[in-house]
Amino acid sequence: MDDSKVVGGKVKKPGKRGRKPAKIDLKAKLERSRQSARECRARKKLRYQYLEELVSSRERAICALREELEMYKQWCMAMDQGKIPSEIKALLTGEEQGKAQQNSTKLAKAGKTEANSSNPLSVCSWFSLTNTEERK
């Protein structure tokens, strides 16, 4: 038989394999463990700060959305009573002015296109473009 030993039901062969017992200074090992624990606590603190900031920003967003929803509810109640809120009037007049500016810009572009080319398809495509814009 060879030089194998039976320890705890396992056969151990002598040789250089396996992990050797560490001959590290116990004080250095303890200090590394403490340093690792300090770093872990610092990471945990940063993680909680990040999560708290995230929650507070979401809460602010929710409050803003609730205020906006309340404003829309009030607008709807006013319109149910037959009154048109001034904010909606301003929005509608702003949209109408925006459409008028868009149309004048398109007319100017179409005029340049007509002057530069005698292709009737470009004029037709411009009319179809403006008609689809107005339908929206």
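Residues numbered from 1 in each chain as written. Predicted model: local features only at pLDDT ≥ 70, side-chain atom pairs only at ≥ 80, totals over all residues. Heavy atoms only, no water.

As recorded in an unreviewed UniProt entry, the protein goes by the name cAMP-responsive element-binding protein-like 2, listed as coming from Athene cunicularia. Regarding the protein, the relevant UniProt record gives this comment under Sequence similarities (unreviewed entry): "Belongs to the bZIP family. ATF subfamily." (UniProt positions renumbered as here; feature names shortened; annotations may be inferred.)

A. Representation of the pattern of salt bridges within the structure. Per the counting criterion, the structure on display carries 1 salt bridge. The residue R38 makes a salt bridge to E31 at a minimum N-O spacing of 3.0 Å. Of the residues examined, E31 reaches a relative accessible area of 39% and is grouped as partly exposed. (Salt bridge = Lys/Arg side-chain N within 4 Å of Asp/Glu carboxyl O. Buried < 20%, exposed > 50% of the residue type's maximum accessible area, 1.4 Å probe, protein only.)

B. Highlighting the confidence of the model for the protein. Overall, the prediction assigns the protein a mean pLDDT of 76, with 60% of residues at 70 or greater. When mean pLDDT is compared element by element in the protein, helix α1 (residues 26–80) scores highest at 95, while helix α3 (residues 120–135) scores lowest at 45. Taken together, the stretch residues 114–136 has pLDDT below 50 and engages in 11 contacts with residues farther than four places along the chain or on a different chain. (pLDDT = per-residue confidence, 0-100. Helix = DSSP H or I, 4+ residues; strand = E, 2+ residues; numbered from the N terminus. Contact = heavy atoms within 4.5 Å.)

C. Representation of a nonpolar patch on the surface in the model. Taken together, the side chains of Y48, Y50 and L51 define a hydrophobic patch exposed on the protein surface, amounting to about 340 Å² of accessible area. Its place among the elements puts Y48 in helix α1. (Patch = residues over 30% accessible without salt bridge, like charges linked within 9 Å, V, L, I, M, F, W, Y side chains within 5 Å. Areas by Shrake-Rupley, 256 points an atom, 1.4 Å probe, with all protein chains shown as cover.)

D. Structural context of the packing of aromatic side chains. One pass over the full model with this rule turns up 1 aromatic pair. On the basis of an interplanar angle of 70 degrees and a centroid distance of 5.5 Å, the ring pair of Y72 and W75 is categorised as edge-to-face. A residue pair is termed a helical-turn pair when its members lie 3 or 4 positions apart in one helix, as Y72 and W75 do in helix α1 at 3 residues. On the basis of relative accessibility, which here comes to 13%, the residue W75 falls in the buried class. (Phe/Tyr/Trp six-rings, centres within 6.5 Å; stacked < 30°, edge-to-face > 60°.)

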